[in-house]
Structures are given as C-alpha cells and as structure tokens.
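Residue strings, one per chain:
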Amino acid sequence: MDGDRMEIDGGIMEGGGQILRVSTALSCVLGLPLRVRRIRAGRSQPGLRPQHLSGLEIVRDLCDGKLNGGEIGSTEITFTPGKIKGGTHIADTKTAGSVCLLMQVAMPCVLFAASPSELHLKGGTNAEMAPQIDYTVMVFKPIVEKFNFTFNCDIKRRGYYPQGGGEVVVKMSPVKELSPINLTERGTVTKIYGRAFVAGALPIKLAKDMSAAAVRCIRREIRDLYINIQPVREPDNQAVGTGSGIIIVAETSTGCLLAGSSLGKRGKNADKVGIEAAEMLLQNLKHGGTVDDSLQDQLIIFMALAKGVSRVKTGPITLHTQTAIHFAEQLTKAKFTVAKSEEEDTSNDTYIIECQGMGMINPNL
C-alpha cells in the first residue's frame, strides 16, 4: 500500500488483462484506491490494449472514479473509485476486442450499484483468447446466477475479427448481497447441444460440416446420447463482417454445464474447427469437475464477494484461476483453499476450490 492506495503487480502469474479486470472491479466494489504497475509486462505488446482501456473506462464511468495513465500502451495506472451509481453506460473497444471481457470487469461493479444498469458493450462477440458470447449466454449466465442475481444479455449484433462492430446490451439490477454457491456434484451427462455458426460471406455448408465433424468426434466416446448441434447462418442485419465458429454444451443431471468451443479462421478446415470444440468438451467431461476450464476463473470474484462458504469442484486448476484467487485474496478479506478432491476414482484429476467469502453488503441499497 502506498498511503492507502493498494499496489498491484500486473506482471506476475497470468500477467495479462485478467489481473487488471479482477483488481479494478474489486477496487470499484470495495472503494479501494489502486495502483497497477507493470501492466501485461510479459506480453509481446506490453501495456494497455484497446479492450483493457475500454474496461477501465466503463468501471471509471460506473462509479465517477478517477483514472490516471489510461492510454493505449500505458504500463501503469492509478484508479480512485467513487460511488457506483448504475444507469446507462457505453463501452466501445473500436476493435474486435472482446465484449465478454468488458462484461467480466463491469458485472461485479453493477451488482453493487445504487440503481439498475444498462451496459452497451461494443467490439468482438466471438473473439480469440476470450469466451464467445454464446458461451457467456449458454454457460456462464445460468451458473453465475446461482449467486442469487439475474441479468439479461441481448445480442444486438455480432462482430468478428478483425473489425469487431458487434454489440450486446446487458441489463441488471443491484443486489444487497451475493449468496454462496455449492457446485460439487457432477451427476451424469443428460444432453449435448450447441450451435455451429457462419456469418457474412461464408456458406451454411461450413456450419453443417463443423457440426457433423463435432458429432462424429463425440460419438466415439459417448454413444447413447442424442446430440443436437444446430448449423446456423447469422442474419446479415445482425452480424458485421465474416466469421464462423462452434460451441457445444453438455448438461448434466445436477444442472452442471460444461462446454467446448472453437473459432474458424481463414485456411482452417471446418472439420478441424468442429473437432477442436468436441475434443475440448470431452476433455472437460473427463476430469469429473462441475465446471469447465473457462468458467473456473470467472467464478472466483463472485465467490470472494459472496456471504458464506462457496465450494466448486473443478478439473486441474488453471493459471487464470490461480491468478484470480491471488488478487481476490489480496484485495478482499476472502480466504480460499484448493484441495485435491478425495474420490474413489483416483484417475480423476479433480480439486475442490473452497472460499469463505467476505460477505460484501451493498452500501447503496
């Protein structure tokens, strides 16, 4: 701490934008002034990229905060939060930067606002190195709402690499406090479904090929389940640019949702895209956890803020998750433990992440 400003080293562990998202969201919620140094220090282009800057700006706007060092390429920022007020806010990466990552930084803040919020998030909806918007709606949303809040996510337009141009509108109301979650029973897989999409100049045949390849791949491991992966062509008035991809979700008897996804790109065979997503899903099913690798780290901030003990069973702990836990503990009073799951089946590499949450109470309600 410098005076009463929390010091964050943005170059350690995962060393990327995630450190910025977790620490600024918590800074905003807790009213803790923050300094982040060595932002993305190990990356090929260190410092803030457009989507990180958009994320910082929307948090600043949500709480009338003060942001210094907020420019592209900056490796150090200071942030002084004010009161989180809600209302309508726009964040535009002006690139294919992920709208889902903007949502990750803004959502914890608006939960503890004084009034409902409407966020217009612009950029890439289906971007590399980030959850696809379909994942956010199909997997993240139903699971994160178990913390006892709801949100509405309306996909106005889809946008793809390189130009972006997508827009989603997220509406949510504040809560008094978050409830803990207990996700420790996987149950059995009851259905597998998904969507394979093309947009712009690409023919629907590509979507059908992705879907068929994915189904063939899953069938080798799982024979007796109906698999429904819909091939779709995004309407031209609801998509900017040309893009393709697939997301496949497995739902279990206890309500767990695990997914695999992949994006098409020039020169990448459609079968390969489908197979990649199918193999990712099978990998996530193999470890026996209740959440997949992409959801693991996204739950950490909510577990830290919730009241009471949350428990989540996962596969191997990702570096993103270790990073989120490190900074959540540094900024909140939450205490995490990660222990190997004690199961009869020792071949499973499963862990229990347990968190005694800080029990954040919304001071504005």
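Residues numbered from 1 in each chain as written. Predicted model: local features only at pLDDT ≥ 70, side-chain atom pairs only at ≥ 80, totals over all residues. Heavy atoms only, no water.

Enquirer: Hey, could you run me through the overall build of the protein chain in this one?
Expert: Within the protein chain, the regular secondary structure consists of 9 helices and 17 strands. Across its three principal directions, the C-alpha atoms of the protein chain cover 60 × 50 × 40 Å. Out of the 365 residues belonging to the protein chain, those deemed buried represent 55%. Partitioning the intrachain contacts of the protein chain with sequence separation of at least 6 by distance along the chain shows that 75% fall at a separation of at least 24. Of the roughly 14,900 Å² of accessible surface on the protein chain, 50% is carried by carbon and sulfur atoms. Here the protein chain carries 42 positive and 38 negative side-chain charges, and the mean point of each set is 4 Å from the other. (Helix = DSSP H or I, 4+ residues; strand = E, 2+ residues; numbered from the N terminus. Buried < 20%, exposed > 50% of the residue type's maximum accessible area, 1.4 Å probe, protein only. Contact = heavy atoms within 4.5 Å. Areas by Shrake-Rupley, 256 points an atom, 1.4 Å probe, with all protein chains shown as cover. Lys, Arg positive; Asp, Glu negative; His and termini not counted. Charge placed at Lys NZ, Arg CZ, Asp CG, Glu CD.)

Enquirer: I would appreciate a short explanation of the pattern of salt bridges in the present structure.
Expert: Two side chains carrying opposite charge are able to pair once their charged atoms lie near each other. A full pass over the atoms with the stated rule returns 24 salt bridges. For E354, the salt bridge is made with R311, and the minimal N-O distance between the two is 2.9 Å. One end of the pair, E354, is in strand β17 (residues 351-356); the other, R311, is in strand β15 (residues 309-314), with 43 residues separating them in the sequence. Salt bridges sharing partners connect three or more residues here, namely E7, R35, R37 and E76. (Salt bridge = Lys/Arg side-chain N within 4 Å of Asp/Glu carboxyl O.)

Enquirer: Can you walk me through the UniProt feature "domain: RNA 3'-terminal phosphate cyclase insert" (unreviewed entry) in the protein chain in this structure?
Expert: The UniProt feature table records "domain: RNA 3'-terminal phosphate cyclase insert" (unreviewed entry) at residues 184-286. This span, residues 184-286, is 34% helix and 36% strand, and a straight line between its end C-alpha atoms measures 15 Å. (UniProt positions renumbered as here; feature names shortened; annotations may be inferred.)

Enquirer: So what exactly am I meant to see when it comes to the domain arrangement of the protein chain here?
Expert: Note on interface size: it is often stated as the accessible area lost on association of the parts. Assigned domains within the protein chain: domain 1 (6-183 + 291-358) and domain 2 (189-287). Between the C-alpha centres of domain 1 and domain 2 the distance comes to 25 Å. Listed per partner, the contact involves 28 residues of domain 1 and 27 residues of domain 2. Considering only the surface of domain 1 that becomes buried against domain 2, Q132, M138 and Y160 emerge as the three largest contributors, covering 29% of it. Taken together, the connections running from domain 1 to domain 2 amount to 3 salt bridges. Notably, a salt bridge pairs R158 with E234, separated by 3.2 Å at the nearest N-O pair. Taken together, domain 1 and domain 2 are joined by 8 residue pairs in polar contact (both at pLDDT 80 or more). Looking at the side of domain 1 that touches domain 2, the elements that each hand over two or more residues are α4 (133-144) and β7 (151-159). (Domains from an automatic or database assignment. Buried area = accessible area lost by both parts, 1.4 Å probe. Polar contact = N/O pair within 3.5 Å; in protein donor to acceptor, adjacent residues only side chain to side chain.)

Enquirer: Even after reading the chapter, I still don't get the side chain of R195, so can you show me in this structure?
Expert: With respect to the helices, strands and loops of the structure, R195 is situated in strand β10 (residues 189-199). Among the polar contacts listed, one links the side chain of R195 to the side chain of E234, at a separation of 2.9 Å. Not counting residues up to four positions away in its chain, the partners in contact with R195 are D134, R158, I229, Q230, V232, E234, G245, I246 and I247.

Enquirer: Please explain the sheet that holds β17 as it appears in this structure.
Expert: Sheet strands pair by backbone hydrogen bonding; their relative direction is either parallel or antiparallel. Taken in spatial order, the 4 strands line up as β9-β15-β17-β16 in an open sheet, and their pairing is mixed. The open sheet has two free edges, formed respectively by β9 (182-183) and β16 (335-340), since each of these has just one partner strand. Across 6 bridges, the pairing between β16 and β17 is antiparallel. Opposite K340, over in β17, you have Y351 as the bridge partner. Of the strands in this sheet, β16 and β17 are in contact with helix α9 (residues 319-331), which crosses β16 at around 150°. (Pairing = 2+ DSSP bridges. Axes fitted to C-alpha atoms, helices over the stretch in contact; angles between N-to-C directions.)

Enquirer: Got a minute to help me understand the sheet that holds strand β12 (residues 239-240) in this structure?
Expert: The mixed open sheet is built from 5 strands, whose spatial order is β5-β6-β8-β7-β12. Lying at the two open borders of the sheet, with one neighbouring strand each, are β5 (87-92) and β12. Across 7 bridges, the pairing between strand β6 (residues 117-123) and strand β8 (residues 166-172) is antiparallel. By the bridge assignment, K122 is partnered in β8 with E167. Packing of helix α2 (residues 50-62) onto the sheet brings it into contact with β5 and β6, and relative to β5 it is tilted by some 165°. Packing of helix α3 (residues 99-111) onto the sheet brings it into contact with β5, β6, β7 and β8, and relative to β6 it is tilted by some 165°.

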